[in-house]
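# Analysis of the macromolecular model
Okay, here's what each chain looks like letter by letter:
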Amino acid sequence: MTGQDHRPGYDTTGADDQGLSKKTSAARIRSQQKDLVDEAIELGQPLGELARDLARQGFKDPRVVAELERSADDALEADPRLAAELYAEALLAGGDEVPKAARRAQALAASGDLDAAGRTADRLLAVPGAPDLRLGVDVAAAVWAQRGMLSRSADTYSWLGPARMEGSAPLAVVAMIGTGNGAATEEILAAAPISGSPTLLAVALSLTQEGVLRTVGPAPDLALPELIRASDMMNAAGSSIPLPETPGALAALCALHSGEPEVADAVLKAALAAGQGGDACRPRLFLLRAWSSMQQDNANDARLAINEALKANHWPLTPRDGFMLAALEVGLARRGSDVHELVLAWDRAREAMMHVSVDLYSLLPWGELMITAARLRESRRVGHYLDSAWDLLARLGNPLMWSVPLHWAAVQAALLSEDPAGLAPHAAALVRASEHSHLASVLATGGKAWVSVLAGRFEASDVETAARGLAAVGMPWEGARLAGHAAAHADERRDMVKLLACARDIHPQGAAPSSGASQRQQDARTTSTDQPVMENDGGSGAHDSSGLSAREREVGRLILEGKTYREIGEAIYISPRTAEHHVARMRRRLGAENRSELLVRLRLALGEGYPPP
């Protein structure tokens, strides 16, 4: 026996030859690739697509890395998706991960890949003396904000510290104000005054900082034009730097909180056309357009904007955007009196709210959910979130612009809950704010009118004034609902007709739930005065989104008022047995197992305000 293995079935010579051949072939390919690079460099030609091809083939060369990183830097502002691809290819070509980590994270964030952006920024922030640390912090803060945790954005800037803030100070101010940290804001402003060249981007950030500060200051009326100019400058700059909130979104929020949804829509439209904030910010801008449309009672436009938000990029909605979408779906279902969809939307909203925390820029969705929770008798689900919202506002000194709409939502929630004690402080807050805020004055008048209507002691002219005032500040649905509900409870036919005409004028499409009920009550009263009503089974006639006919809704209102079958029959000229048949049908249509469940579902189906306290 020798040292060589001569066992049958094994021929190591051939295998060695194949391995050697592969190594030789790979070496030859690498040599050819190097020759291509040498030749291009010698001729002074840019490597261009050749560098990308070589990197994807696994060829490692510092010259290829340099070419790819230069190209990525050039593409970062205009095409962050391309920049992200180029930075990744530079790593494949042997590049060092750390020097370009912040820029790579910026490109990933702007293109919508928040998970990859967050991981890249995390690794950078853990490196002592990391290059481009401030940019890495900006990316991390933007990612936290989009995750619906703006307080973490503020913490990230606190970790960076005012001494290293420099040009990121305006972004830090947005995060600090958004989380109610006024003391940290003052520290940043004192340590990092605005400096540097007055570029379009620098001016945009400076105006953003000033605008946000004005929203919580003594002259909030000056905030909106400042933020609109900031958005204009950001559009002109064409920059996709990481932002906790874009100037366009801030300007829109300011307009919505000031009762000017049309202005919000115009700002958002311009920001979307300019690509403000990159792909990652497009869903947020579309969802704010949807909110503006919903507030103006244009459900179709709101749904179109929601569809655009869902397909704005190929990434799922961030938690912050998912929460706003859930609140929008709740708001649209509530305004459309779609009982089944409202319950489903509420369930989705309950899940979405668990992924986010409360901040100043999310108060509109929280206000909508407060109202719906009261309507569904589920206020406990949002109680601790709302406590956080009131605490945040208190830390900022209860700024009028941000607090007034939330007080209005609280008034509506208290009316639905028949909670006078809960209503009083918010109504008083609106009255106090009326001295300095036109919107607060209109809402205070509207709240007073609602209370008088529900108490059954109101003047039709006062209600009409309040309803038209609500419509004038971008709340036509609320105004029409107030007028329609008052019409249903008017003692004089003249007042009823006047209020119904007001509701139709404010709400031309006739979708206000209360105005429809009011029309049926008017018809019933007119007929009972002039001639008897023929008894019918209620099966004919148009059904609304709740699935109930006009007669069934009429019977339902009387049930909620505590009437017996005999009393229902006397009120609308039908027999007690027919009234009983109506109730049985309503139970089937609303899916109610028992009388208690029927009462809950009827309250939803008939819109807000039933039964009157």
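Residues numbered from 1 in each chain as written. Predicted model: local features only at pLDDT ≥ 70, side-chain atom pairs only at ≥ 80, totals over all residues. Heavy atoms only, no water.

## A few points about the environment of V431
Looking at where V431 falls in the secondary structure, it is placed in helix 22 (residues 420–433). Sequence spacing of V431 and L443 is 12 residues, and the spatial spacing of their C-alpha atoms is 8.7 Å. (Helix = DSSP H or I, 4+ residues; strand = E, 2+ residues; numbered from the N terminus.)

## What to know about the pattern of salt bridges
Close approach of charged atoms allows side chains of opposite charge to pair. Under the defined criterion, the tally for this structure stands at 36 salt bridges. Close ionic contact of R214 with E226 constitutes a salt bridge, the shortest N to O distance being 2.6 Å. With R214 in helix 11 (residues 200–215) and E226 in helix 12 (residues 223–237), this residue pair connects regions lying 12 residues apart in the sequence. Since its relative accessible area comes to 11%, E226 is described here as buried. For E226, the salt bridge identified is with R229, shortest N-O distance 4.0 Å. Of this pair, E226 and R229 both sit in helix 12, three residues apart, which is roughly one turn of the helix. Through salt bridges that share partners, R52, D53, R56, E85 and E89 make up one connected network. (Salt bridge = Lys/Arg side-chain N within 4 Å of Asp/Glu carboxyl O. Buried < 20%, exposed > 50% of the residue type's maximum accessible area, 1.4 Å probe, protein only.)

## What about helix 14 (residues 261–274)?
For helix 14, spanning 14 residues, the distance from its first C-alpha to its last is 20 Å, which sits close to the expected 20 Å at 1.5 Å a residue. When helix 14 is considered as a whole, its buried residues turn out to be P261, A264, D265, V267, L268, A271 and L272. Each buried residue of helix 14 lies within a common arc of 165 degrees when the element is viewed along its axis, so the set occupies one face. Those residues of helix 14 that are exposed and aimed more than 90 degrees away from the buried face are K269 and A273. Where helix 14 is buried, its residues contact helix 12, helix 13 (247–257) and helix 15 (282–295). (Expected span 1.5 Å × (residues − 1). Arc of directions from axis to C-beta. Contact = heavy atoms within 4.5 Å.)

## So, the packing of helix 18 (residues 339–353) against helix 31 (residues 595–605)
Running from amino to carboxyl end, helix 18 crosses helix 31 at an angle of 100 degrees, the nearest separation of the two axes being 9 Å. As summarised for this structure, helix 18 and helix 31 are arranged roughly perpendicular, according to the angle between their axes. Mapping the contact onto sequence places V339, L342 and V343 in helix 18 and R601, L604 and A605 in helix 31. In terms of residue class, the contact of helix 18 with helix 31 is built from five nonpolar, no polar and one charged. (Axes fitted to C-alpha atoms, helices over the stretch in contact; angles between N-to-C directions. Parallel < 35°, antiparallel > 145°, perpendicular 65-115°, else oblique. Nonpolar A, V, L, I, M, F, W, Y, C, P; charged D, E, K, R; others polar.)

## A closer look at the nonpolar core
In terms of nonpolar packing, the biggest core is built from 119 residues, with Y157, L360, Y361, W366, L369 and W402 touching the most fellow members. The leading source of residues in this core is helix 17 (residues 319–335), at nine residues. Discounting residues that sit within four places of it in the chain, L369 has contacts with F323, A327, V330, W346, A349, M353 and V382. (Core = buried A, V, L, I, M, F, W, Y, C linked by side-chain atoms within 4.5 Å.)

## Examining helix 6 (residues 114–125)
End to end, helix 6 covers 16 Å across 12 residues, agreeing with the expected 16 Å (1.5 Å per residue, within 8%). Listed as buried for helix 6 are L114, A116, A117, G118, T120, A121 and L124. Packing partners of the buried residues in helix 6 comprise helix 5 (101–111) and helix 7 (133–146).

## Observations concerning the packing of aromatic side chains
In the structure shown here, the tally under the stated rule is three aromatic pairs. Measuring from ring centre to ring centre gives 4.6 Å for W366 and Y385, while their planes differ by 20 degrees; the resulting arrangement is stacked. Linking W366 in helix 19 (residues 363–375) with Y385 in helix 20 (residues 383–395), this pair joins segments that are 19 residues apart in sequence. Each member of the pair, W366 as well as Y385, is classed as buried. Put simply, the rings of F323, W366 and Y385 touch in pairs and so form one group of aromatic residues. Here the guanidinium or amino end of R164 rests over the ring plane of W159, the centre of that ring lying 5.4 Å away. Note that R335 overlies the ring of W477, its terminal NZ or CZ placed 5.5 Å from the centroid. (Phe/Tyr/Trp six-rings, centres within 6.5 Å; stacked < 30°, edge-to-face > 60°. Lys NZ or Arg CZ within 6 Å of the ring centre and 35° of its normal.)

## Let's talk about the confidence of the model for the protein chain
Per-chain confidence: the protein chain averages 85 in pLDDT, with 88% of residues scoring 70 or above. At the level of individual helices and strands, the protein chain shows its lowest average pLDDT in helix 27 (residues 513–530), which scores 37, and its highest in helix 13, which scores 97. This stretch, residues 1–10, has a pLDDT under 50; its non-local contacts, to residues over four places away or in other chains, come to zero contacts. The low-confidence segment residues 608–613 (pLDDT under 50) makes 24 contacts with residues lying over four places distant or belonging to another chain. (pLDDT = per-residue confidence, 0-100.)

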